[in-house]
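# Structural overview
Each chain, letter by letter, is given below.
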Amino acid sequence: MYKIIPFLFLIISSCTGQILDINQIKNDYSKGNYNEVIKSCSIGLTKIDKSDTLFKTLIKYRVGSYMRLTNYKSAIEDYKILIEIDKNEISNYTGISYAYWEVGDTINGLNYSEKAFLINPKDTLTLSNLSYDFSLAKKFNKSIEYATKGLELNPDKKLKGLLLNNRGFSYLGLKQYDMALKDINESISFFPDNSFAYYYRALVNIEIGKIEFVCDDLFKSKQLGGNNMTDSLIGKYCKKK
């Protein structure tokens, strides 16, 4: 599985001439000085009201910094403000959903993902994230439903790979191993750099007894960044490598 949070990749346009140096905030954000960004934005927000166009910009920079620092509880409060300002911006619902999942609140996590879907039921990123969320909640049939809806919209290669991998994981959860393997193999052909796909293919092969294929996928997943999720299985199945 794999989930994209669009806000973290959002390029926010700069504003000048208002109370504080927004360009300095933008520069600090680009350099990863997130605590400085939070401090500057918080000071700036005390000096303007919500009707000021700069208010939304400062909240966006601050919530992005909170997310980068994994301060999800603070991020949730800022996302609520952004949703109040613009109830139709899908990235805010996606972001708050992710934050809720990270603090263990799966009910609100799913709730906000579904709100994003209601705003635009043909947004493929939303459908991918919904599929991911429902698979984590072990509601595998719902996960498959949303992944299939996304695939029917013929998304770009990376999103197609994500949707197929999420659906493959859910088939694995339902013990439909042939379907799982088919989707995960196809997922890799579209998005070969997804560490989760190799990890889940290894899980499928473990379940069906094809152990000879497991180690290569586990090491590939580890190479792509899947260290924590692969280590125990590598220790169990790949001791000689």
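Our subject in this report is the structure included herewith. (Residues numbered from 1 in each chain as written. Predicted model: local features only at pLDDT ≥ 70, side-chain atom pairs only at ≥ 80, totals over all residues. Heavy atoms only, no water.)

### A closer look at helix 1 (residues 22-30)
Turning to helix 1, its buried residues are Ile-22, Ile-25, Asp-28 and Tyr-29. All buried residues of helix 1 fall inside an arc of 120 degrees around its axis, so they share one side. On its buried face, helix 1 is in contact with helix 2 (34-45) and helix 3 (53-68). Where helix 1 starts, the residue carrying a side-chain oxygen 3.1 Å from the main-chain nitrogen of Asn-23 turns out to be Asp-21. Where helix 1 ends, the next residue or the one after it, Gly-32, has phi of about 85 degrees, a positive value. (Buried < 20%, exposed > 50% of the residue type's maximum accessible area, 1.4 Å probe, protein only. Helix = DSSP H or I, 4+ residues; strand = E, 2+ residues; numbered from the N terminus. Arc of directions from axis to C-beta. Contact = heavy atoms within 4.5 Å. Polar contact = N/O pair within 3.5 Å; in protein donor to acceptor, adjacent residues only side chain to side chain.)

### With respect to the packing of helix 5 (residues 90-102) against helix 6 (residues 106-119)
At a closest axis distance of 7 Å, the pairing of helix 5 and helix 6 adopts a crossing angle of 165 degrees. One finds that helix 5 runs roughly antiparallel with respect to helix 6. Two packed elements cross with a definite hand, and for helix 5 against helix 6 that hand is left-handed. Counting all contacts with helix 5, which are made through Ile-90, Tyr-93, Ile-96, Ser-97, Tyr-100 and Trp-101, the residues of helix 6 involved are Thr-106, Asn-108, Gly-109, Leu-110, Tyr-112, Ser-113, Lys-115, Ala-116 and Ile-119. Considering only residue class, the contact of helix 5 with helix 6 consists of nine nonpolar, five polar and one charged. (Axes fitted to C-alpha atoms, helices over the stretch in contact; angles between N-to-C directions. Parallel < 35°, antiparallel > 145°, perpendicular 65-115°, else oblique. Left-handed = near helix turned anticlockwise from the far one by under 90°. Nonpolar A, V, L, I, M, F, W, Y, C, P; charged D, E, K, R; others polar.)

By themselves these figures say nothing about function.
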